[in-house]
Amino acid sequence: MTCNLKTFAKSSILATALLILSVVTKAQDGTIYPLKAPPEPNAILLGTGGVKDQPASESWFRQWGDPMARNITTATLTPFLPKPGTANGAAVIVAPGGGFRWLSLGNEGWEVAQALADKGIAAFVLKYRLHPTPDKLEDFSAWMNRPRTVTPPPPADTSKKNTPAPPQQMDLSNQLADAEAAYALILKRANEWGVDINRIGMIGFSAGAGLTMHSTLNSKTMKLAFIGPVYGGMGPVTVPKNAPPMFNVIASDDFLFRGQFGVIESWFKAGIPVEFHLYQNGGHGFGLGNPGRTSNRWFDAFIHWLDVNKFLKANK
């Protein structure tokens, strides 16, 4: 671009620079813009059904420069396979986040999957079904921008009397079925995709981290080798005896952290290997990373963790 611009007058250079700056600024702000659905030529239908009482069709929007989808009623799995000769046999299901109302398929899906494939890991982006949102984009934008407050966790009650009831859990039966179907498809096509069925893991971001944890705690068919919840809920859980090793990431300035270490403590007390990275900053939704944040190195640490735990080497 620099060589071409030198052929123009100074006024043209300035006009072009201002145009580029305005486009970049518009793409990177928090405003929600309509987006035409991008092609997904490699997406494989999972055949898990639709969404009950869903009046709207799948639609896309762009926020913070990233493509996102909402009102998803048809689950798919998109493979990102390593280049020939570079695969190590490991596989990862990637679950993007979005509060189970939308999916951040760019920075928490495709970009992560490609980064994994570049490391020789077969990656599969799970586009799971979502709970309904308003049909019109302006109504959805208003709903997204509504005032919200974060309720701090209640203080620990050492007595058994007057213990508050746990918060009502969101129905994730559709999402669990989608994750199980994705896992089953990878098993079925493992030879074709060069996957070692004993080294299939799952990572997720925000709500995707919640789905990763929900699958780990509740699925009767998934035998995950490892999990990686990234900026997910940190509350304590009941850990199954066969729970996989966990790599957990969150930033201290993430609204989901709130000084909680419950899930880490649960894994530790259960005697299951756990690695936890609490970063000084990064906020929420940073994906592979944002400029000038300490959390930007989490992916390198994750790959190192996989390597040290021999998930990147075939079992002899």
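In what follows, the structure referred to is the one given above.
Draft legend 1. Fine view of the overall build of the protein. The number of helices and strands found in the protein is nine helices and 12 strands. Here the protein holds 316 residues, and 46% of them are scored as buried. Summarising the internal contacts of the protein: among those between residues at least 6 apart in sequence, 74% fall at separations of at least 24. Carbon and sulfur atoms make up 57% of the accessible area of the protein, which totals about 17000 Å².

Draft legend 2. Local environment of the layout of surface pockets. Taken as a whole, the second largest pocket holds about 230 Å³ of empty space. In the lining of the second largest pocket, the residues fall into six nonpolar, six polar and two charged.

Draft legend 3. Layout of the pattern of salt bridges. All chains considered together, the criterion is met by six salt bridges. Of the charged contacts, one joins R199 and D196 as a salt bridge, the two residues approaching to 2.9 Å between their closest N and O atoms. D196 matches R199 in its accessibility class, with the two residues each being buried. Among the ionic contacts, a cluster of salt bridges with common partners joins E40, E58 and K127.

Draft legend 4. How the structure looks around the nonpolar core. Counting 78 residues, the largest nonpolar core has L116, W298 and F302 as the members making the most contacts within it. For F302, the residues in contact, after removing those within four places along its chain, are L116, I203, F226 and F247.

Draft legend 5. Inspection of helix α5 (residues 173-188) at higher detail. End to end, α5 covers 22 Å across 16 residues, agreeing with the expected 22 Å (1.5 Å per residue, within 8%). All buried positions along α5 are accounted for by Q175, L176, D178, A179, A181, A182, Y183, L185 and I186.

Draft legend 6. Region of the structure containing the sheet that holds strand β11 (residues 246-251). One open sheet accounts for eight strands, arranged β2-β5-β8-β6-β9-β10-β11-β12; its pairing is mixed. Every interior strand has two partners, whereas the edge strands, β2 (44-45) and β12 (274-279), have only one. Note: strand β6 (residues 91-95) against strand β8 (residues 122-127), four bridges, orientation parallel. Within β8, the residue paired with I93 across the bridge is F124.

Draft legend 7. How the structure looks around the packing of α5 against helix α7 (residues 207-218). It is at 10 Å that the axes of α5 and α7 come closest, and there the two elements cross at 80 degrees. On the basis of the axis angle, α5 is roughly perpendicular to α7. Contacts from Q175, L176 and A179 of α5 reach α7 at L211, H214, S215 and N218.

Draft legend 8. Broad picture of unusual backbone geometry. A positive phi angle, near 55 degrees, is found at D53, a position not held by glycine. Among the structural elements, D53 can be located in the loop between β2 and β3 (59-63). Look at D53 and you get exposed, because its relative accessible area is 65%. Positive phi, close to 65 degrees, is recorded for K310, a residue that is not glycine. Tracing the chain through its elements places K310 in the segment after α9 (298-308). In this structure K310 comes out as exposed when scored by relative accessible area, which is 55%.

Draft legend 9. Focus on helix α4 (residues 137-144). Listing the buried residues of α4 in full gives L137, F140, S141 and M144. On an axial view of α4, the arc spanned by its buried residues comes to 100 degrees, and they lie on one face. Projecting away from the buried face of α4 at angles above 90 degrees are the exposed residues E138 and A142. Against β1 (33-35), β3, β4 (66-70) and β7 (102-103) lie the buried residues of α4.

Draft legend 10. Quick peek at the sheet that holds β4. Strand order in this open sheet of four strands is β1-β3-β4-β7, and the pairing throughout is antiparallel. The two strands at the open ends of the sheet, each matched to only one other strand, are β1 and β7.

Rules used in this analysis
Residues numbered from 1 in each chain as written. Predicted model: local features only at pLDDT ≥ 70, side-chain atom pairs only at ≥ 80, totals over all residues. Heavy atoms only, no water. Helix = DSSP H or I, 4+ residues; strand = E, 2+ residues; numbered from the N terminus. Buried < 20%, exposed > 50% of the residue type's maximum accessible area, 1.4 Å probe, protein only. Contact = heavy atoms within 4.5 Å. Areas by Shrake-Rupley, 256 points an atom, 1.4 Å probe, with all protein chains shown as cover. 1 Å grid on protein atoms, 1.4 Å probe; cavity = no way out; pocket = protein on both sides within 12 Å on 5 of 7 lines; lining within 4 Å. Points joined across faces, edges and corners; volume = space filled by probe spheres on them. Nonpolar A, V, L, I, M, F, W, Y, C, P; charged D, E, K, R; others polar. Salt bridge = Lys/Arg side-chain N within 4 Å of Asp/Glu carboxyl O. Core = buried A, V, L, I, M, F, W, Y, C linked by side-chain atoms within 4.5 Å. Expected span 1.5 Å × (residues − 1). Pairing = 2+ DSSP bridges. Axes fitted to C-alpha atoms, helices over the stretch in contact; angles between N-to-C directions. Parallel < 35°, antiparallel > 145°, perpendicular 65-115°, else oblique. Arc of directions from axis to C-beta.

Nothing here speaks to function; it is all geometry.
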